[in-house]
Amino acid sequence: LRVVKFRRTGESSRSDEDVVSGEHEIQIEGVRTELEPIELEDGAAVPKEFANPTDDTFMVEDAVEAIGFGKFQWKLSVITGLAWASNYAMEMMILSILAPQLHCEWRLPSWQVALLTSVVFVGMMSSSTLWGNISDQYGRKTGLKISVLWTLYYGILSGFAPVYSWILVLRGLVGFGIGGVPQSVTLYAEFLPMKARAKCILLIEVFWAIGTVFEVLLAVLVMPTLGWRWLLILSALPLLLFAVLCFWLPESARYDVLSGNQEKAIATLKRIATENGAPMPLGKLIISRQEDRGKMRDLFTPHFRWTTLLLWFIWFSNAFSYYGLVLLTTEFFQAGDVCSISSRRKEVKAKCSLTCEYLTEEDYTDLLWTTLSEFPGVLVTLWIIDRIGRKKTMALSFFVFSFCSLLLFLCVGRNVLTVLLFIARAFISGGFQAAYVYTPEVYPTATRALGLGTCSGMARVGALITPFIAQVMLESSVYLTLVVYSGCCLLAAVASCFLPIETKGRGLQESSHKEWGQEMVGRGSHSPGVTRSNSGSQE
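Please read these numbers as outputs of a predicted model, since none were measured by experiment. (Residues numbered from 1 in each chain as written. Predicted model: local features only at pLDDT ≥ 70, side-chain atom pairs only at ≥ 80, totals over all residues. Heavy atoms only, no water.)

Novice: Would you explain the overall build of the protein in this entry?
Specialist: Summing up its helical and strand segments, the protein has 19 helices and nine strands in all. The burial tally for the protein puts 55% of its 539 residues in the buried class. The long-range fraction of contacts in the protein, counting pairs at least 24 apart against all pairs at least 6 apart in sequence, stands at 85%. Put simply, the protein shows about 23000 Å² of open surface, and 63% of that area lies on carbon and sulfur atoms. (Helix = DSSP H or I, 4+ residues; strand = E, 2+ residues; numbered from the N terminus. Buried < 20%, exposed > 50% of the residue type's maximum accessible area, 1.4 Å probe, protein only. Contact = heavy atoms within 4.5 Å. Areas by Shrake-Rupley, 256 points an atom, 1.4 Å probe, with all protein chains shown as cover.)

Novice: Looking at this structure, how should I read the side chain of Thr-503?
Specialist: Residue position: Thr-503 is located in the loop between helix H18 (478-497) and helix H19 (514-524). Taking the relative accessible area as the measure of exposure, Thr-503 reaches 0% and is therefore buried. Of the polar contacts made by the side chain of Thr-503, one reaches the side chain of Glu-441; its length is 2.6 Å. Residues within four places of Thr-503 in sequence aside, it is in contact with Arg-390, Tyr-438, Glu-441 and Val-442. (Polar contact = N/O pair within 3.5 Å; in protein donor to acceptor, adjacent residues only side chain to side chain.)

Novice: Just checking my understanding: could you explain the environment of Leu-149 for this structure?
Specialist: By secondary structure assignment, the location of Leu-149 is in helix H4 (residues 140-158). Since its relative accessible area comes to 48%, Leu-149 is described here as partly exposed. For the pair Leu-149 and Leu-240, spaced 91 residues apart in sequence, the C-alpha to C-alpha distance is 7.8 Å.

Novice: Just checking my understanding: could you explain helix H2 (residues 71-105) for this structure?
Specialist: Owing to its 3.6 residues per turn, the α-helix brings residues three or four apart onto one side. With 35 residues, H2 extends 49 Å from end C-alpha to end C-alpha; this agrees with the ideal 51 Å at 1.5 Å per step. For H2, the principal kink sits at Ile-97 and spans about 30 degrees; a proline, Pro-100, occurs within the next four residues. Burial runs high along H2: 29 of the 35 residues are buried. Trailing H2 by a residue or two, Arg-107 shows a phi angle of about 55 degrees, which is positive. (Expected span 1.5 Å × (residues − 1). Bend = angle between axes of the 7 residues up to and from the residue.)

Novice: Can you help me understand the pattern of salt bridges in this one?
Specialist: Pairing between side chains of opposite charge can happen when their charged atoms approach one another. Evaluated as defined, the whole model comprises seven salt bridges. Ionic pairing is found between Arg-140 and Glu-190, a salt bridge with its closest N-O pair at 2.8 Å. Residue Arg-140 is located in helix H4, and its partner Glu-190 is located in the loop between helix H6 (183-189) and helix H7 (194-222); the two are separated by 50 residues in the primary sequence. The exposure classification of Arg-140 matches that of Glu-190, with both residues buried. Shared partners join several salt bridges into a network, and the residues in it are Lys-199, Asp-386, Arg-390 and Glu-441. (Salt bridge = Lys/Arg side-chain N within 4 Å of Asp/Glu carboxyl O.)

Novice: Looking at this structure, I do not really get the environment of Asp-298. What am I missing?
Specialist: Looking at the secondary structure, you find Asp-298 in the loop between strand S7 (284-285) and helix H11 (305-335). Spatially, the C-alpha atoms of Asp-298 and Tyr-443 are 9.8 Å apart, while their sequence positions differ by 145 residues.

Novice: So what exactly am I meant to see when it comes to the nonpolar core here?
Specialist: Nonpolar side chains in soluble globular proteins tend to be buried together. Counting 133 residues, the largest nonpolar core has Tyr-88, Met-92, Ile-167, Phe-242, Trp-315 and Tyr-436 as its most contacted members. Here this core gets 16 residues from one element, more than from any other, and that element is H2. Lining this core are residues from two domains, each supplying at least three of them: domain 1 (55-288) and domain 2 (298-337 + 359-503). (Core = buried A, V, L, I, M, F, W, Y, C linked by side-chain atoms within 4.5 Å. Domains from an automatic or database assignment.)

Novice: Can you help me understand the confidence of the model for the protein in this one?
Specialist: Caution is warranted with low-pLDDT regions, since their predicted coordinates should not be read in detail. Averaged over all residues, the pLDDT of the protein equals 75, while 76% of them reach at least 70. Of the regions scoring below 50 in pLDDT, residues 1-54 engages in 102 contacts with residues more than four places distant in sequence or in other chains. Under a pLDDT of 50 for its full length, residues 514-539 has, in the predicted model, 59 contacts with residues more than four places off or in other chains. (pLDDT = per-residue confidence, 0-100.)

Novice: How do you make sense of the environment of Glu-502 when you look at a structure like this?
Specialist: Here Glu-502 is to be found in the loop between H18 and H19. Given a relative accessible area of 29%, Glu-502 falls into the partly exposed group. Glu-502 sits 60 residues away from Val-442 along the chain, and the two C-alpha atoms are 8.0 Å apart. Glu-502 has contacts with Gly-389, Arg-390 and Lys-391, leaving out every residue within four places of it along the chain. Reaching out from Glu-502, the side chain makes a polar contact with the backbone nitrogen of Lys-391 at a distance of 3.2 Å. Within the local environment of Glu-502, its side chain forms a polar contact with the backbone nitrogen of Lys-504, the two atoms lying 2.9 Å apart.

Novice: Before we go on, may I ask you to explain the packing of helix H1 (residues 60-67) against helix H10 (residues 262-276) in this structure?
Specialist: Pairs of packed helices are described in terms of their axes, by the angle between the two and the distance that separates them. The interhelical angle for the contact between H1 and H10, taken along N-to-C directions, is 10 degrees, at an axis separation of 10 Å. In terms of axis orientation, H1 runs roughly parallel to H10. Within the contact between the two elements, H1 uses Val-60, Ala-63, Val-64 and Ile-67 and H10 uses Leu-269, Ile-272, Ala-273 and Asn-276. Residues that form the contact of H1 with H10 fall into these classes: seven nonpolar, one polar and no charged. (Axes fitted to C-alpha atoms, helices over the stretch in contact; angles between N-to-C directions. Parallel < 35°, antiparallel > 145°, perpendicular 65-115°, else oblique. Nonpolar A, V, L, I, M, F, W, Y, C, P; charged D, E, K, R; others polar.)

Novice: Could you clarify how one ought to interpret the packing of helix H3 (residues 110-138) against helix H5 (residues 164-178) in this entry?
Specialist: Here H3 crosses H5 at 35 degrees, and the two axes come no closer than 6 Å. With respect to the hand of their crossing, H3 and H5 are arranged in right-handed fashion. Mapping the contact onto sequence places Gln-112, Leu-115, Leu-116, Val-119, Val-120, Gly-123, Met-124, Ser-126, Ser-127, Leu-130 and Trp-131 in H3 and Tyr-164, Ile-167, Leu-168, Arg-171, Gly-172, Gly-175, Phe-176, Gly-177 and Ile-178 in H5. Split by residue class, the contact of H3 with H5 holds 12 nonpolar, seven polar and one charged. (Left-handed = near helix turned anticlockwise from the far one by under 90°.)

Novice: Just to check I follow, could you spell out empty space enclosed by the protein for this structure?
Specialist: A water-sized probe, rolled over the atoms, reveals where empty space remains. Per the counting criterion, the structure on display carries four cavities of 30 Å³ or more. Computed from the structure, the largest cavity encloses a volume of approximately 140 Å³. Along its surface, the largest cavity is lined by Trp-84, Tyr-88, Glu-205, Trp-208, Tyr-322, Tyr-323, Glu-374, Ser-429, Phe-432, Gln-433, Tyr-436 and Arg-460. Counting only elements with at least two residues in the lining of the largest cavity, the list comes to H2, H7, H11 and helix H16 (414-442). (1 Å grid on protein atoms, 1.4 Å probe; cavity = no way out; pocket = protein on both sides within 12 Å on 5 of 7 lines; lining within 4 Å. Points joined across faces, edges and corners; volume = space filled by probe spheres on them.)

Novice: Would you mind showing me how to read H4 here?
Specialist: With 19 residues, H4 should reach 27 Å at 1.5 Å per residue; the first-to-last C-alpha distance of 27 Å fits that figure. For H4, the full list of buried residues reads Arg-140, Lys-141, Gly-143, Leu-144, Ser-147, Val-148, Thr-151, Leu-152, Tyr-154, Gly-155 and Ser-158.

Novice: Can you help me understand the packing of aromatic side chains in this one?
Specialist: Aromatic ring pairs are described here by two measures, namely the spacing of the ring centres and the angle between the planes. Applying the stated rule across the entire model yields 19 aromatic pairs. The interplanar angle of 80 degrees and the centroid separation of 5.9 Å between the aromatic rings of Trp-315 and Phe-432 together place this pair among those described as edge-to-face. Of the two residues, Trp-315 sits in helix H11 while Phe-432 sits in helix H16, which places them 117 residues apart along the sequence. Residue Trp-315 shares its accessibility class with Phe-432, and that shared class is buried. By way of ring pairs, the aromatic residues Trp-84, Phe-121, Trp-315, Tyr-322, Tyr-323, Phe-432 and Tyr-436 are connected into one cluster. Arg-271 extends its terminal NZ or CZ atom over the ring of Trp-248, reaching a point 4.9 Å from the ring centre. (Phe/Tyr/Trp six-rings, centres within 6.5 Å; stacked < 30°, edge-to-face > 60°. Lys NZ or Arg CZ within 6 Å of the ring centre and 35° of its normal.)

Listed below in structure tokens is the structure:
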């Protein structure tokens, strides 16, 4: 490991006899004073007496910025993406494939079919806060591993369910495990430098699409020959791969520092520096004051109270609108246009509730196209989120969705209807990802996992309610249904604008204590970040 030692002019009492061997130097952003060189023995072991030759201090944020984005983060991106694809996307996609199959095979009434979907969201809603609390109390890696193994175990057991009541309970337990998946974003974000954070978290959506596409292709191969039981078992197996790769994952250095485990945090940072081939700045790693971690009351301190309440509504609106649009899309496509919904509903009421149709190859193709339609939304969000900021990105996404919903009042043809639905879905999915960027950034390390967990729980409340709007209310009034979704997203756009904190260009906060934050602001005036240069050129 190549180690760069530095000190600042006027801040150290050491002599000016130190010289730098080699062409590497350290630049401290925001510092006007020049750095005096000291001795560096490239490739040689540094004597113990020179292990800390300066009075410099740094935080984990400084080290992460200094080391930068490299091989370690690329590996972490793939592993986090695997969790997102296998534990989240595939298990959620199963819902749209399993429900019609069991509807026909077990002759289930419509309400029992709907309950198969709802019970997964109930499990996710009830566990999201718990997984956040576990991740804040015992570590991000610990919470993530337990949730993945939980989902793997009950996902495989679901394939052996003998009757409806068994599969209902087992899928609910699968949902309980899926509620811990957002903690992979917490762990991921805490290892990312500030400039790469938004783009990397947004690109996780690519793995969502990969997971759903893989699930549909797996269903095409498995369902006609082996049936739904093997589909459930085979869909859970990618989780086994992630569980094995979890042993490579390090614990968050930010969490280790906050929990007082300085040596482990330094070892993790050195490991990242080694893998990235970047120098590890020497100095004293500042240990955050010990705090109670994962306490719900910390989300409602005067500094975060409005942020928490507004974020809860924003996440609720995201899931409420996203899953509502998915349900409405099927209804609209089957009817041909919005104006035909009412007449079609009258015809459907005359049919037996046990009438069913198995999914066809054309249905699977439509599922693929619907999934791929989210890519434009991710690309647009990726382009604007670092330009206009997180708050405005979420507000814009909600506003475009609301506008497209109102345009559905017009009796447009099938082609225009398809365009409006795809634009609406692209932007609401992009807004969802923007919320995944903003939420880990706005909360400090002590409550980051809990904050994300509670927001995820509120999203599941929205997902639970939306079938009653998109399916039940739709039978009474198409236009009232559209007004509900449009109005909800309009309010969410306003809520996004009223968020007190904009996190664009801001580092992850380590502590929630006001006095500690003020101390860091003062400290930041002379050591906000460390970058290295080679022969005078910045990297």
